[in-house]
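Residue strings, one per chain:
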Amino acid sequence: MLEHLLIEKEWLLKEVHHRVKNNLHTVICLLESQAAYLENDALKAVENSQHRIYAMSLIHQKLYQSENLKTIDMKVYLHEFVRYLADSFGSTDLIHFQLDIEPLTLGVSQAIPLGLIINEAVTNSIKYAFPEN
């Protein structure tokens, strides 16, 4: 009976992470639909918000796809997230990203803030490190 309860708990946790990820993607889509009516600073603010939300969404996706529901492999997460940022800024042909990440697993309470910090650092690097495009 305990084993059955444990399996059910794990399934429920996966379902929660899946639903959180889907809800965050819904927010991204809503922001995207509003972005069509914006320009300049307002458009940039919405795009920055989309990147931040995606950082959190990807963490929940990685959690529900993994066997371990408590931690996330940051090496895998960061490689995918940086690739997403490069693609979203159209910089894949202009900037080469070289990531040298030690194996590290973190829980959600640490992974989300780190993902948001990485988002800011990479986004600012893409936007401002190469002023001549």
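Rules used in this analysis
- Residues numbered from 1 in each chain as written.
- Predicted model: local features only at pLDDT ≥ 70, side-chain atom pairs only at ≥ 80, totals over all residues.
- Heavy atoms only, no water.
- Salt bridge = Lys/Arg side-chain N within 4 Å of Asp/Glu carboxyl O.
- Helix = DSSP H or I, 4+ residues; strand = E, 2+ residues; numbered from the N terminus.
- Buried < 20%, exposed > 50% of the residue type's maximum accessible area, 1.4 Å probe, protein only.
- Core = buried A, V, L, I, M, F, W, Y, C linked by side-chain atoms within 4.5 Å.
- Contact = heavy atoms within 4.5 Å.
- Axes fitted to C-alpha atoms, helices over the stretch in contact; angles between N-to-C directions.
- Parallel < 35°, antiparallel > 145°, perpendicular 65-115°, else oblique.
- Left-handed = near helix turned anticlockwise from the far one by under 90°.
- Nonpolar A, V, L, I, M, F, W, Y, C, P; charged D, E, K, R; others polar.
- Patch = residues over 30% accessible without salt bridge, like charges linked within 9 Å, V, L, I, M, F, W, Y side chains within 5 Å.
- Areas by Shrake-Rupley, 256 points an atom, 1.4 Å probe, with all protein chains shown as cover.

### Observations regarding the pattern of salt bridges
If you walk through the whole model with that rule in mind, you get three salt bridges. As a salt-bridge pair, Glu15 and Arg19 come within 2.7 Å of each other at their nearest N and O atoms. Separated by four residues within a single helix, Glu15 and Arg19 lie in helix α1 (residues 2-35), roughly one turn from each other. For Glu15, a relative accessible area of 24% puts it in the partly exposed group.

### Observations regarding the nonpolar core
Ranked by size, the top nonpolar core spans 22 residues in total, and within it Ile59, Ile72, Met74, Tyr77, Phe81 and Ala111 carry the most contacts. Taken together, the elements giving at least two residues each to this core come down to α1, α2 (40-65), α3 (74-88) and α4 (108-128). Among all residues touching Ala111, those that are not within four sequence positions of it are Ile59, Ile72, Met74 and Leu106.

### Here we look at the packing of α2 against α4
For the pair α2 and α4, the least separation of the axes is 9 Å and the interaxial angle reads 140°. By the angle between their directions, the pair α2 and α4 is classed as oblique. Considering how the two elements wind past one another, α2 and α4 form a crossing that is right-handed. Residues Asn48, His51, Arg52, Ala55, Met56, Ile59, His60 and Leu63 of α2 pack against Val108, Ala111, Ile112, Gly115, Leu116, Asn119, Glu120, Thr123 and Lys127 of α4. Split into classes, the residues belonging to the contact of α2 with α4 amount to eight nonpolar, six polar and three charged.

### What to know about a nonpolar patch on the surface
Where nonpolar side chains cluster on the molecular surface, the patch consists of Met1, Leu2 and Leu5 and spans about 410 Å² of accessible area. Looking at where Met1 falls in the secondary structure, it is placed in the segment before α1.

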